[in-house]
Amino acid sequence: MTELTPPAVPGVDQPHLLLVEDDPQMSDMLVELLSEAGHTVDHAPDGQAGLHLGLSRDYQVIVLDRGLPAIEGVDLLRRLRSRGVTTPALVLTARAAIADRVEGLDAGAEDYLTKPFDVDELLARLRALLRRHTDRSPVLSLGQHTLDVTTRQVRELGTGGRTVTLSARECALLHVLASRPTRAFTREELLSRAFDEAESPGAVDTYVHYLRRKLGHAAIRTVRGIGYQMGSA
Ligand code: CA
């Protein structure tokens with residue numbers, strides 16, 4: 001395995017990194033350190049800016065602080081994951097409790113580092129995350145189908161299987177359902193994980209309807225009194 005080295009031309013083919021950190025001293029230090037290590041760094045000073053950048057640009061890796069203004073770090077990561085952002089993320093935290101670590105990993109963090117940390121360790125872990133990200137495929141298995149969250153394509157397994165392309169919202173909704181296929185979600189949960197919370201829960205019904213039209217009615221199960229669950233896609 002070769003180590004990541006900065007390319008000769010600055011800004012070209014460098015790993016694009018999103019840093020979400022509110023502490024100015026810490027973020028100045030990290031921007032300098034990560035830039036020197038060959039990353040192109042976008043810095044967001046709060047969770048809202050981090051969410052905006054994370055949803056609108058393509059990053060190879062995300063470094064985020066746990067304690068953030070506007071949207072807290074773990075919540076931010078959960079929102080990015082629910083909208084189909086699979087970019088590997090490393091969470092920085094001042095809290096070392098096991099429960100915090102578990103919560104971060106549950107929200108979709110690949111790695112976790114407690115402040116104060118050793119900068120060489122941070123760089124080594126980022127290299128490992130980048131390598132793993134290059135190796136892995138963002139394809140989810142849905143029984144008889146697969147969902148590629150990057151291309152938003154649902155593919156039927158077997159020869160001659162058809163391929164259906166989903167809209168961004170259909171994909172986000174299916175991604176949330178497929179990530180926990182044995183769990184039933186309420187409309188409110190689906191709304192906050194897959195869509196903007198400003199919308200009404202009725203939007204979930206609309207997109208479930210669209211998904212069923214594309215994938216078959218059995219793809220999503222209505223769970224009486226609760227909401228929806230992954231069906232037999
Ligand atoms: Ca902080």
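Remember, it's a predicted structure, so these values are computed and weren't measured experimentally.

Colleague: How would you summarise the overall build of the protein chain if you had to cite specific residues and measurements?
Modeller: Scanning the protein chain from terminus to terminus reveals eight helices and 12 strands. Burial statistics for the protein chain: of 233 residues in total, 44% are counted as buried. When contacts within the protein chain are restricted to residue pairs at least 6 apart in sequence, those whose partners lie at least 24 apart make up 56%. When the accessible surface of the protein chain is totalled, it reaches about 11,700 Å², and 51% of it is carbon and sulfur.

Colleague: Describe the nonpolar core, listing the residues and the values that go with them.
Modeller: By size, the foremost hydrophobic cluster in this structure holds 29 residues, and its most contacted members are Leu147, Leu173 and Leu174. In terms of residues, this core owes the most to one element, helix α6 (residues 168-179), which gives seven residues. Non-local contacts of Leu174, meaning those with residues more than four positions away in its chain, are made with Leu142, Leu147, Val154, Leu166, Leu211, Leu215 and Met230.

Colleague: Residues and numbers for a negative patch on the surface, please.
Modeller: Residues Asp22, Asp23, Asp28, Glu32 and Glu36 make up a contiguous surface patch of negative charge. On the secondary structure map, Glu36 appears in helix α1 (residues 24-36). The class of Glu36 is exposed, set by a relative accessible area of 59%.

Colleague: I'd like to hear about the coordination of the calcium ion, residue by residue, with values.
Modeller: Around the calcium ion, the protein contributes the donor atoms Asp22 (OD), Asp65 (OD) and Gly67 (O), which lie 2.1 to 2.4 Å from the metal centre. Spacing between the donor residues of the calcium ion along the chain follows D-x42-D-x1-G. We classify Gly67 as partly exposed; its relative accessible area is 40%.

Colleague: Just give me the short version of the packing of aromatic side chains, but keep the residues and values in it.
Modeller: Tallied over the full model, the rule gives two aromatic pairs. Centroid distance Tyr207 to Tyr210: 5.2 Å. Interplanar angle 85 degrees. Geometry classified as edge-to-face. Separated by three residues within a single helix, Tyr207 and Tyr210 lie in helix α8 (residues 202-215), roughly one turn from each other. Relative accessible area serves as the criterion here: at 17%, Tyr207 is assigned to the buried category. Accessibility expressed as a relative area gives 28% for Tyr210, which makes it partly exposed. An aromatic cluster is defined as three or more aromatic residues linked by ring pairs; in this entry it consists of Phe195, Tyr207 and Tyr210. Over the face of the ring belonging to Phe195 we find Arg169, whose NZ or CZ atom lies 4.7 Å from the ring centre. Its end group placed over the ring of Phe185, Arg183 keeps NZ or CZ at 4.4 Å from the ring centre.

Colleague: Before we move on, can you summarise helix α7 (residues 187-194) with the specific residues and values?
Modeller: Considered for burial, the residues of α7 that qualify are Leu190, Leu191 and Ala194. All buried residues of α7 lie within an arc of 100 degrees about the axis, which places them on one face of the element. Residues of α7 that are buried sit in contact with α3 (73-82), α6, β10 (185-186), α8 and β12 (227-230).

Colleague: For the pattern of salt bridges, give the residues involved together with the corresponding values.
Modeller: Considering all chains together, one arrives at 11 salt bridges under this definition. Note that Glu21 and Lys115 form a salt bridge whose closest N and O atoms lie 3.0 Å from each other. Of this pair, Glu21 sits in the loop between β1 (16-20) and α1 while Lys115 sits in the loop between β5 (111-114) and α5 (119-135), and the two are 94 residues apart along the sequence. Judged on exposure class, the residue Glu21 and its partner Lys115 are both buried. Residue Arg81 is joined to Glu110 by a salt bridge in which the shortest nitrogen-to-oxygen separation is 3.1 Å. Taken together, the residues span a long stretch of sequence, with Arg81 in helix α3 and Glu110 in the loop between α4 (98-106) and β5 at a distance of 29 residues. Using a relative accessible area of 26% as the deciding quantity, one classes Glu110 as partly exposed.

What counts and how
Residues numbered from 1 in each chain as written. Predicted model: local features only at pLDDT ≥ 70, side-chain atom pairs only at ≥ 80, totals over all residues. Heavy atoms only, no water. Helix = DSSP H or I, 4+ residues; strand = E, 2+ residues; numbered from the N terminus. Buried < 20%, exposed > 50% of the residue type's maximum accessible area, 1.4 Å probe, protein only. Contact = heavy atoms within 4.5 Å. Areas by Shrake-Rupley, 256 points an atom, 1.4 Å probe, with all protein chains shown as cover. Core = buried A, V, L, I, M, F, W, Y, C linked by side-chain atoms within 4.5 Å. Patch = residues over 30% accessible without salt bridge, like charges linked within 9 Å, V, L, I, M, F, W, Y side chains within 5 Å. Salt bridge = Lys/Arg side-chain N within 4 Å of Asp/Glu carboxyl O. Lys, Arg positive; Asp, Glu negative; His and termini not counted. Charge placed at Lys NZ, Arg CZ, Asp CG, Glu CD. Donors = N, O, S within 2.8 Å, 3.2 Å for Na, K, Ca; no water. Phe/Tyr/Trp six-rings, centres within 6.5 Å; stacked < 30°, edge-to-face > 60°. Lys NZ or Arg CZ within 6 Å of the ring centre and 35° of its normal. Arc of directions from axis to C-beta.

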